[in-house]
Amino acid sequence: MTKSNKIIELEQVVIRFSGDSGDGMQLTGTLFSNLSAILGNEISTFPDYPAEIRAPHGTLDGVSGFQVHLGAQKIMTPGDKADVLVVMNPAALKVNVHEIKPGGVIIYDEDTFNTTGFQKAGFETENPFVELGLKDVQLLSVPLTEMTKLSLEGSTFDSKAAGRSKNMFALGLVCWLFNRPIDKAQEFLMKKFSKKPEVLRANIKVLVDGYHYGNNIHLAVSTYRIGKSNIEKGRYTSINGNKAVAYGLIAAAQKAGLQLFLGSYPITPASDIMHELAARKDLGVRVIQSEDEIAGISTAIGASFAGNLAVTSTSGPGLALKSEAIGLAVMAELPLVIVDVQRGGPSTGLPTKTEQADLLQALYGRNGESPLVVMAASTPDNCFDYAYMAAKIAIEHVTPVILLTDGFIANGTALWKLPSLNDFPSIEPPRAIVDASEWKPYLRDPEKLNRYWMMPGTEGFMHRIGGLEKHCITGEISTDPVNHQKMVDVRRMKVEKVADFIPPLTIYGDEESDTLLVGWGSTYGHLRSAVDELRESGKKIALAHFNYILPLPRNTHEVLSHYSKIIVCELNGGQFASYLRSQIQGVTFQQYNKVQGQPFEVEELVVYVSTIL
Amino acid sequence: MTKSNKIIELEQVVIRFSGDSGDGMQLTGTLFSNLSAILGNEISTFPDYPAEIRAPHGTLDGVSGFQVHLGAQKIMTPGDKADVLVVMNPAALKVNVHEIKPGGVIIYDEDTFNTTGFQKAGFETENPFVELGLKDVQLLSVPLTEMTKLSLEGSTFDSKAAGRSKNMFALGLVCWLFNRPIDKAQEFLMKKFSKKPEVLRANIKVLVDGYHYGNNIHLAVSTYRIGKSNIEKGRYTSINGNKAVAYGLIAAAQKAGLQLFLGSYPITPASDIMHELAARKDLGVRVIQSEDEIAGISTAIGASFAGNLAVTSTSGPGLALKSEAIGLAVMAELPLVIVDVQRGGPSTGLPTKTEQADLLQALYGRNGESPLVVMAASTPDNCFDYAYMAAKIAIEHVTPVILLTDGFIANGTALWKLPSLNDFPSIEPPRAIVDASEWKPYLRDPEKLNRYWMMPGTEGFMHRIGGLEKHCITGEISTDPVNHQKMVDVRRMKVEKVADFIPPLTIYGDEESDTLLVGWGSTYGHLRSAVDELRESGKKIALAHFNYILPLPRNTHEVLSHYSKIIVCELNGGQFASYLRSQIQGVTFQQYNKVQGQPFEVEELVVYVSTIL
Amino acid sequence: MSVISYTPQDFKSDQYVRWCPGCGNFAILNAIYKALVEVGVSPAQTAVISGIGCSSRLSYYMNTYGFHTIHGRATAIATGVKVANPALSVWQFTGDGDCLAIGGNHFIHALRRNIDINIVLHNNEIYGLTKGQFSPTSPKGLITKSSPFGTIERPFKPAELIFGAGGTFFARTVDVDIPTSVEAMVAAAKHRGTSVVEVLQNCVIFNDGAYKTISTKELRVENTILLKQGEPMLFGKNQEKGLVLDGFNLKAVMVGQNGITENDVLIHDATTPDFFLHQRLAAMSGPDLPIAMGVIRNVSEPTYDEELVNQIHEVQSHSSVKTFEDLLNSIESWEI
Amino acid sequence: MSVISYTPQDFKSDQYVRWCPGCGNFAILNAIYKALVEVGVSPAQTAVISGIGCSSRLSYYMNTYGFHTIHGRATAIATGVKVANPALSVWQFTGDGDCLAIGGNHFIHALRRNIDINIVLHNNEIYGLTKGQFSPTSPKGLITKSSPFGTIERPFKPAELIFGAGGTFFARTVDVDIPTSVEAMVAAAKHRGTSVVEVLQNCVIFNDGAYKTISTKELRVENTILLKQGEPMLFGKNQEKGLVLDGFNLKAVMVGQNGITENDVLIHDATTPDFFLHQRLAAMSGPDLPIAMGVIRNVSEPTYDEELVNQIHEVQSHSSVKTFEDLLNSIESWEI
Ligand SMILES: Cc1ncc(C[n+]2csc(CCOP(=O)(O)OP(=O)(O)O)c2C)c(N)n1
Ligand SMILES: Cc1ncc(C[n+]2csc(CCOP(=O)(O)OP(=O)(O)O)c2C)c(N)n1
Ligand code: SF4
Ligand code: SF4
Ligand SMILES: [Mg+2]
Ligand SMILES: [Mg+2]
């Protein structure tokens, strides 16, 4: 069952840490990926939480995982399957049995691989590896619990508390396996536990002991060396999508010279955007944790009326609740950024799982003809860029914008080069260009068709807006049939005009191929990696990936019409495909869909595309 | 400006009553249309209310109209323009100036056509007819106010109260003009005012005097005789769409042997469904006027769980608010009828105006993959049939169903032959067919794919359902990827299966023509009338009108593919067209859209189609 | 607040006022014009937020910044306006349906947070705009379009709901009594925190006469007591009657009879944090006790908007992160 | 109600209970099993409705009809269940966020209507399921994920909100005190109308120790008073302390000292319609006054569901319309 041990030189590697919710796998994974990033690797991570409720210790439901993909270059996804799987108990093994590559390494805590552990995980025998039919893997049994206890012997920690540090032993071991600098790990821990010196000392001790354990006994497995990436020089951090959204909004507010306001109600997996912004009182960010989602968006609409860069963040069920109020923002024509971090649906669905199934809701989930801008980020780090752009469009075009992300990129991390705001386009709130006496609330900018945004407190520009249809210039209530038609048309055209301000659609891969993969949002990494793999294997294939959805880039029809076979790949039942069909006549769209609460795997895409090429 | 008077024999005629909100135009119009229906005419009516707030007397905003179309046969719409326009004041004239046919008759109350009246209506001269450029109409000036006062002289009514009866004088006059039986009108009034003998007496006196006034002075205008229709013999009433929906639900509940429950929050133009059902305590209907729309649907979901035929009724903004809860009904798989009486949008929009712009919201306005059945009634009277069918499908397929109507058919009336429930299909609530011990909450009927509906109170079938994704049989919470895919698929397929239980799409008109008009919902009357007119003028044209939208009839693609030119006509920006494009590949759809808060006019359709044929 | 002084005209918009002739909302509108003059904040610094309902149309009639929003959300929207710009004077006009039915949740949470907005609640005990359904304040048994056999619902007592939610200011007036409305609105504006002025408003069309026992000056003298801070609770044509405590209950007495003197009469104190007496006063109804009008509760507590600004200042005074660039510098990062 | 008697086992579902070890919800679950045995309604006649939150998972653990709905809507859904089938015993399990944040409006309207459902409010003063944001009952200043510098919001006092909304039944218990919880739940079941049992529940993960002053029997003897209908308000290890009135306020006294006898101590009467004393009792908090536990208010008023059924019967007794066909015959129609 084991292979001979050797040092493997790799371009990239996937490591998955898995254990009980209480085993600290998220911290372990995060530390490890940051260590790798510091070493100059590209990284992509993905935490795979259990359902929201803490499940009983040792059971399948309680398993929490964290996958890290690192490498020299083009690390676009957290990886399909793991080269190295670290499991803290039998349940974690069972849950991840399909997540390990042939020939991969499984490091497991032998102290938990006992009868109790097997029973909790629902094994019927005492040999889980055989029971699972695991072949072609290298098993590395380590007495993690025991070693950790020994490591802390004589310290003030009781054995239960000591047990909680075993993730650090595992981390130390893995650092040795991958040649990560143990001193950097210590630095990270020092920051993390600066207020708990006791805990800090224990963690460092265990970490170092774990490292040396690997070193000393020269474990009988392969060890790895990973090339350094040749990415652009600069200052980097690793960032997840939720944090990147928060930062993008902060950057946009500063650039626009506006105060940032968030009205939000907690919901998985969007809450961290609120947490991040609530902590930014130093930057004057105003966050209301509202009584519900409707109040979240309503306070934001009020704040927008009052002149702030106003944002509301939520996930699918919350977006549904906000529907009516979004209609008000459309009708009143106010700048508003609505961030929807999608999760598995329908209804409460699978709150901790990822999905792209809110697209049609974002496009159409309101009464009446109610157009607004819809866009989507596609990687954890470009959540920053698209949040920035969402704010810019909302402000400059005076319109609500829905920014779609999802659980996968919201919680997943990527390497992020710290940006300079100078590189970002200016954001100019459109203020009335005429005197108060001549101004009317629904006068429009001829180019963008936006109305001007004049806020309370400005002398002379007092005016009234509202949710009833209004006269096309004065904003007075109007039921006139022709005026209504005019206003319906202009609201649509205003949104369409945004297409003049967004980049055209580009093609990745073989522009001249017959077959085009189409994607949007968070599937970018997987689709691009699949295209790379297919091309490396000599296939001709192209990818068109969308970040701007309503409006579509101006050249969409033209670009798509070059391909005879177009496959729209999505983590839903085919929503973008259906939207494209409704927008682009004369082009035939096929679909590749998966609705399993999980991201694509590069391999499944490669296999699928290969069969149809 | 006037023509010689003559007796005109007509197949059909359109009469519009228009006056101040307080002038009783709705009552006048209703009485007149009922009188006509009793005489054996087909009828179609449409009230055109002012915006929700009462406007000051005599102003344009306060004008309230009621249009009646009656005739021997094929009265499918309330008519485009009026043959006879009755205006109680100058404002009513101004508002309706474009609603009168060439050569038509305008009857006006000369006592209100004075300086005050002209000013209130915003006329700049003392000659409104000239000012409006009215040509080719017959003017009939009647001192309505004065005559009414005279008529009531010596009664206990003061002159102000007397003034309020002038609508009856006008009605009497119009009855004479159209040879309506005055005794029938008296009967109606006797029912209406049975509790106010004083008012009744006054109204009858004025009515009769108005009739004789016409008779005596032989007004110098054309009078009309209208042919009797040869519709099926039977008992008839006139009914509006809201009442028909309420009756359809009552009928369905009785047929299914279930208690009827409505949870609803008032909203124009849907409130009358609630009023109608709240009045049916005699039939045991349970109505909760809830604190908001979310509670409206939530109480209905609770009632459905408890085994009632549960319904919630609303209009667009309310449907938006219900989005999240609709998702729960989809996920929990409970029978639920959601009636959306569409109105002008977006946001609060044009609450008293009609529109078809909630279609995409109905289809897609929820998070996640959240399929349900969407259907639409197309005439005031078939609101009964489709409400019945909505209930049948909801119950038998154990699914939420959205039934779309709109302000036009909800408030408009048509002649309705009293149905016999024997003619309607049975409704069988699907109960578990296995023992409690074998039953599981997500076991499905193999044919329809519905789960079985077992309610609290049933011994042995205790179970739990909810909004989280659940195991495909047991209903236990499940985050398993493959199970999720399975459940997403089965929820979609269950809805698709409904297509096996609905009638196929049929073609009206020239099946063999090249050009096909496509419509859905309340535009039926106008589209069909347009097709009739076009064909009468020798053009070849066909109509496919949809009542079932999700799923579409099975033969939709096949039927549509026969036509080279398909024009989807809608009172929105093209929502059904966009939906069809997304569903039916390889067929090209053109659009004819109007978003003015008003129904189509037959004439505009005829003109438009003629230009493109 | 300002040295410029305004006239009612400065607060009037050019819109035609479209309520039914005789509607109580006209008087409320007049009262707010007058009150804003006394408040003295400029129209440009005043934001008027309303929901949907007859009453909510009021925002169109004000020459201020105005937002006629959606049904039930005015309180939440006003909250956002105030937090975004605490310098504004924020007013909300709302109906009993808008505020207490669909908007009930935002309302109680605003009161809990004590956000500094002024809410004028037009309580006509009916849904006016949708043409006459019962509301959460309709008396039990009321026959309406949606309760053809009489409602079976117990109404909210707005004052009690407000106190239960932690409300710090409550006043009550009746539409026709403009001077009292003006006084109450001015007091509401001065109060920091969520102020609610309940105006008993007659809907002539769908619920005419709901307040007929207090609809004229004479009737009000008979049937109400106008509470004034620090003054004895006297009422009646010649202030001959007074309120005294009887156990935990209030009792009306004739001053000068049975040995009762003015000294026995309770003194009104709207400022006590304990709402016991305020609740007792607000609960009074005829015929034995007069209906309480005027400012019933007016308590000082920190407001949400102040607390937020304070917390921001506090954090800022300790943080070196002043800009986005500082923020980037403050997080863990490394050179590659 | 029933001659069959049940065991706790009859109410247990086969689902594994998934709360964090040590979570207060376990005790609440045990209490409800026991209470339902005493209530004696069959599992098939019992409907358990919950929203979303850790607490709301409870419906899965009951072998009754159960519906784990969506966040905040449990009260409205339970209302629908009860009106659709008033014969059911309807229970709602809900968190402080579910019930008082997003669900606040349905909650106060249920109380106003007095619909006959039993609401168990798991008040852990935190959002558990979403991993630790403050809730509407979190004490001001609490540091949580969403309030890293401490909340600036004043919390709701559930009892006061309930009384303000017209609530007819309120009891309070703490998770660890299962016998009191059982008693309160049984009383709630017997009460007709909306009953709220607030269970002070410890969230060991995100708000551990919120109720540490009453977390053991010893501490409860020290710091709480268990109210019993018709009994004097005595507390302390030897029932040596009592509550008396001091003006409008409550005061703790030593019985036997300063001439105070048991006769001076207040007698608890949960059934008085006036909520004055109930409010005073519910508001008590340490250190001077004990925290009130047990059934604090239990008042008889007509319920919405009864009234509805009565009205239906009343109308039916006068109407000849018994079927849809009768309805058609009753409307204006004519032969053609
Ligand atoms: C979401 C939504 N639901 C319902 C309505 C319909 N609606 C408009 S105003 C109103 C209630 C009016 O009553 P109230 O708030 O008391 O105001 P009033 O007209 O009596 O002043 C209702 C139900 C709406 N506009 N929007
Ligand atoms: C519409 C919607 N909004 C938000 C959420 C996220 N959410 C789930 S439970 C919860 C609050 C949990 O707190 P509480 O009700 O006090 O229950 P606890 O977990 O503390 O028992 C939130 C915000 C959701 N599921 N649905
Ligand atoms: S309906 Fe009633 S509240 Fe509305 S404007 Fe008319 S009188 Fe006033
Ligand atoms: S998070 Fe708190 S409330 Fe939720 S299960 Fe854990 S301990 Fe209980
Ligand atoms: Mg009202
Ligand atoms: Mg909680």
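What counts and what doesn't
- Each residue is numbered by its place in its chain's sequence as written, counting from 1.
- Just so you know, chain letters begin at A and ligand numbers begin at 1, following the order they were written in.
- Residues qualify for local features only when their pLDDT is at least 70, as the model is predicted, and side-chain atom pairs are given and counted only at 80 or more; totals for whole chains, interfaces and linings, by contrast, use all residues.
- By convention in this description, side-chain values take in all heavy atoms of the structure and omit both hydrogens and water.
- Any residue with a heavy atom positioned within 4 Å of a molecule or strand is treated as near that molecule or strand.
- Polar contact is defined as a pair of N or O atoms within 3.5 Å, subject to the rule that within protein one atom must be able to donate a hydrogen and the other to accept it, and that residues adjacent in sequence are counted only when both atoms are side-chain atoms.
- Only the protein chains shown count as cover for residues, and all accessible areas are computed by the Shrake-Rupley method using a 1.4 Å probe.
- Secondary structure is summarised from DSSP: a helix means a run of H or I of at least four residues, a strand means a run of E of at least two, and numbering begins at the N terminus for each.
- Residue classes follow a fixed rule: Ala, Val, Leu, Ile, Met, Phe, Trp, Tyr, Cys and Pro count as nonpolar, while Asp, Glu, Lys and Arg count as charged, and any other residue, Gly among them, counts as polar.
- In this comparison the copies share one frame, found by least squares on the C-alpha atoms of residues holding pLDDT of at least 70 in both.
- Only heavy atoms enter the contact rule, under which two residues are in contact if any of them lie within 4.5 Å.
- Strand pairing requires that DSSP identify at least two bridges connecting the strands.
- Axes, fitted as lines to C-alpha atoms, cover a helix only where it is in contact. Angles between the N-to-C directions of the axes lie from 0 to 180 degrees.
- Working definition: roughly parallel below 35 degrees, roughly antiparallel above 145 degrees, roughly perpendicular at 65 to 115 degrees, and oblique for all remaining angles.
- Whether a crossing is left-handed or right-handed is set by the direction in which the near helix is turned from the far one by less than a right angle, anticlockwise for left-handed and clockwise for right-handed.
- Only nitrogen, oxygen and sulfur atoms qualify as donors, provided they sit within 2.8 Å of the metal or within 3.2 Å for Na, K and Ca; with water excluded from the atoms, sites may seem incomplete.
- Here's how the labels work: a residue is buried when its accessible area is under 20% of the maximum for its type, exposed when over 50%, partly exposed in between, all with a 1.4 Å probe on protein chains only.

### A look at the site of ligand 2
Taken together, 21 residues lie around ligand 2, and Glu-293 of chain A together with Cys-54, Ser-55, Asp-96 and Asp-98 of chain D are the ones closest in. Near ligand 2, the surrounding residues belong to chains A, B and D. Between Ser-55 of chain D and ligand 2, the recorded distance is 2.7 Å, taken from a side-chain N or O atom to an oxygen atom. Between an oxygen atom of ligand 2 and a main-chain N or O atom of Gly-97 of chain D, the distance comes to 2.9 Å. Here ligand 2 loses 99% of its free accessible area of 580 Å² to cover by the protein chains. Top element by residues in the shell around ligand 2 is helix H3 (residues 96-100) of chain D. It accounts for 3 residues. Of the residues contributing to the shell around ligand 2, the split by class is 9 nonpolar, 8 polar and 4 charged.

### Details of the relation of the copies chain D and chain C
Note on the copies: chain D fits chain C at an RMSD of 0.0 Å, the axial shift is 0.0 Å, and the rotation between them is 180 degrees. Taken together, the rotation and translation describe the operation of a two-fold axis. A symmetric contact is evident, with 100% of the interface residues of chain D recurring at the interface of chain C.

### Quick notes on the sheet that holds strand S3 (residues 42-48) of chain A
Taken in spatial order, the 9 strands make up an open sheet running S7(A)-S6(A)-S5(A)-S2(A)-S4(A)-S3(A)-S16(A)-S9(A)-S12(C), and their pairing is mixed. What marks the edges here is a single partner per strand, and that holds for strand S7 (138-142) of chain A together with strand S12 (334-335) of chain C. One ladder, built from 5 bridges, connects strand S9 (residues 235-240) of chain A with strand S16 (residues 413-417) of chain A; its direction is antiparallel. Each residue of the ladder has a partner; that of Thr-237 of chain A, found in S16 of chain A, is Trp-416 of chain A. Against the sheet, helix H7 (residues 166-177) of chain A engages strand S2 (12-20), strand S5 (82-87), strand S6 (100-109) and S7 of chain A, with an angle of about 140 degrees to S6 of chain A.

### Quick look at the packing of helix H12 (residues 293-305) of chain B against helix H13 (residues 316-332) of chain B
Helices that pack against each other are described as a pair by the angle of their axes relative to one another and the distance between those axes. Residues and elements named next belong to chain B. Across the interface, H12 lies against H13 with an axial gap of 8 Å and an inter-helix angle of 30 degrees. Between H12 and H13, the angle falls in the class roughly parallel. H13 is crossed by H12, and the crossing has right-handed handedness. Along the contact surface, H12 presents Glu-293, Ile-294, Gly-296, Ile-297, Ser-298 and Ile-301, while H13 presents Gly-318, Leu-321, Lys-322, Ala-325, Ile-326, Leu-328 and Ala-329. Here the residues of the contact of H12 with H13 are counted per class, giving 8 nonpolar, 3 polar and 2 charged.

### Quick notes on the coordination of the magnesium ion (ligand 5)
Residues and elements named next belong to chain C. The protein atoms donating to the magnesium ion (ligand 5) are Asp-96 (OD), Asn-124 (OD1) and Ile-126 (O), with metal-donor distances spanning 2.0 to 2.2 Å. Binding-site remark: the magnesium ion (ligand 5) is held by donors from one chain whose sequence spacing is D-x27-N-x1-I. A residue is classified by how much of its surface remains accessible, and Asn-124, at 6% relative accessible area, is buried. For Ile-126, a relative accessible area of 2% puts it in the buried group.

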